[in-house]
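Structural features, examined
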Amino acid sequence: MVGLKPPEVPPTAAMKFVSAGMAGCIADLCTFPLDTAKVRLQIQGEVRIPRTVSSVEYRGVLGTLSTMVRTEGARSLYSGLAAGLQRQMSFASIRIGLLYDSVKQLYTPKGAESECPGSPGFPAHPLPDARPSPREKFTPGGTRALSDSPRRYSGTVDAYRTIAKEEGIRGLWRGTLPNIARNAIINCGELVTYDLLKDALLRAELMEDNVPCHFVAAFGAGFCATVVASPVDVVKTRYMNASPGQYRNALSCLLALLTQDGPAGLYKGFVPSFLRLSSWNVVMFVSYEQLQRALALAR
């Protein structure tokens, strides 16, 4: 058996809340550079006025990361990490630690065996995301995606303050609708898929309920989520990182993207997005399973 065994007593809601937040932070720490590369590639080629010839051009995942290290230093790979960790401590803790089992029970008949032993249980229900959005704006893609763009924020607190000052309180919720759409799609493609894959592996007795099983299920869930969510993710990234007034709404951003890059533009940055989301899923789900089991055993 690899990893901790499923506890006989299910973990409490508090254990799930803490485990989910910690697992999300661990996953962000491990995969943040890939998220940075994804954002850079997604907004590259966006029409900007005035256009300059000194803009940095990124090619591929490794090329993007190496260019950032060469032109901005290694620390640029983790610029905006504090905002990312704040996001995970709030968002991951609530959606993973508190709501999954509760929502899933609404759709599960009493007495039905809808989940495998040890499974955390995930609902067939997309959980929307209406949090403030400084994290997306403070990532390197949002603050200095082009070499000739000035750095807008000096830190996370400065990002909150500057956004509220320049765009008003509503600016903190800019891009809420495309963000909700993205997270709803990702929750369907990622969380439900993880639950189904893990359930299938255990029922077919192909694997035991341990780390390898969690790894395979999480990797498959990451691929499915990337395929279905990449178009709305590209639009969300461009819209939230656009200068005020550049797009009237998310729809105008989508039309501009299709006009400039065609349908292929909806999958811009697919490889880094897949690498990031799959690796994030693997680290998060494996950490989450082990952390809640460790807390349950230590109780």
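Our structure's up above, just so we're on the same page.
Bear in mind the structure is a predicted one, so any value in this text is a computation, not a measurement.

Attention shifts here to the packing of helix 1 (residues 13-43) against helix 10 (residues 270-298). One can describe the packing of helix 1 onto helix 10 by two numbers: an axis separation of 8 Å at closest approach and a directional angle of 165 degrees. Taken together, the axis directions place helix 1 and helix 10 in an arrangement best described as roughly antiparallel. Helix 10 is crossed by helix 1, and the crossing has right-handed handedness.

Below, the discussion takes up empty space enclosed by the protein. Enumeration according to the criterion identifies two cavities of 30 Å³ or more in this entry. Estimates place the volume of the second largest cavity at around 60 Å³. Taken together, the elements giving at least two residues each to the lining of the second largest cavity come down to helix 7 (176-203), helix 8 (211-241) and helix 10. Of the residues forming the lining of the second largest cavity, the biggest block, four residues, is contributed by helix 8. Considered class by class, the residues forming the lining of the second largest cavity number three nonpolar, three polar and four charged.

This next bit is on the nonpolar core. In this structure, Ile96, Tyr194, Ala218, Met284, Phe285 and Tyr288 are the most contacted members of the largest nonpolar core, which totals 17 residues. Elements supplying a minimum of two residues to this core: helix 1, helix 3 (81-106), helix 7, helix 8 and helix 10. If one sorts the elements of this core by residue count, helix 10 sits on top with six residues. Ignoring anything within four residues of it in the chain, the contact list for Ile96 reads Ala20, Met284 and Tyr288.

Another aspect to go through is the environment of Val192. Secondary-structure assignment places Val192 in helix 7. What makes Val192 buried here is its relative accessible area of 18%.

Moving on, we come to the pattern of salt bridges. Where charged atoms from two side chains of opposite charge approach closely, those side chains can pair. By the definition in use, this model includes twelve salt bridges. We note a salt bridge from Arg203 to Asp199, for which the minimum N-O separation is 2.8 Å. Taken together, the positions of Arg203 and Asp199, both in helix 7 and four residues apart, correspond to about one turn of that helix. With a shortest N-O distance of 3.4 Å, Arg238 and Asp261 are connected by a salt bridge. Pair noted here: Arg238 is in helix 8 and Asp261 is in helix 9 (residues 250-261), with a separation of 23 residues, a long-range link. What makes Arg238 buried here is its relative accessible area of 1%. The network of salt bridges with shared partners includes Lys198, Asp209, Glu289 and Arg293.

The next thing to look at is the packing of aromatic side chains. A full pass over the atoms with the stated rule returns five aromatic pairs. Between Tyr194 and Phe285, the aromatic rings sit 3.8 Å apart at their centres with planes inclined by 5 degrees, giving stacked as the arrangement. Of this pair, Tyr194 sits in helix 7 while Phe285 sits in helix 10, and the two are 91 residues apart along the sequence.

Rules and cut-offs
- Residues numbered from 1 in each chain as written.
- Predicted model: local features only at pLDDT ≥ 70, side-chain atom pairs only at ≥ 80, totals over all residues.
- Heavy atoms only, no water.
- Axes fitted to C-alpha atoms, helices over the stretch in contact; angles between N-to-C directions.
- Helix = DSSP H or I, 4+ residues; strand = E, 2+ residues; numbered from the N terminus.
- Parallel < 35°, antiparallel > 145°, perpendicular 65-115°, else oblique.
- Left-handed = near helix turned anticlockwise from the far one by under 90°.
- 1 Å grid on protein atoms, 1.4 Å probe; cavity = no way out; pocket = protein on both sides within 12 Å on 5 of 7 lines; lining within 4 Å.
- Points joined across faces, edges and corners; volume = space filled by probe spheres on them.
- Nonpolar A, V, L, I, M, F, W, Y, C, P; charged D, E, K, R; others polar.
- Core = buried A, V, L, I, M, F, W, Y, C linked by side-chain atoms within 4.5 Å.
- Buried < 20%, exposed > 50% of the residue type's maximum accessible area, 1.4 Å probe, protein only.
- Contact = heavy atoms within 4.5 Å.
- Salt bridge = Lys/Arg side-chain N within 4 Å of Asp/Glu carboxyl O.
- Phe/Tyr/Trp six-rings, centres within 6.5 Å; stacked < 30°, edge-to-face > 60°.

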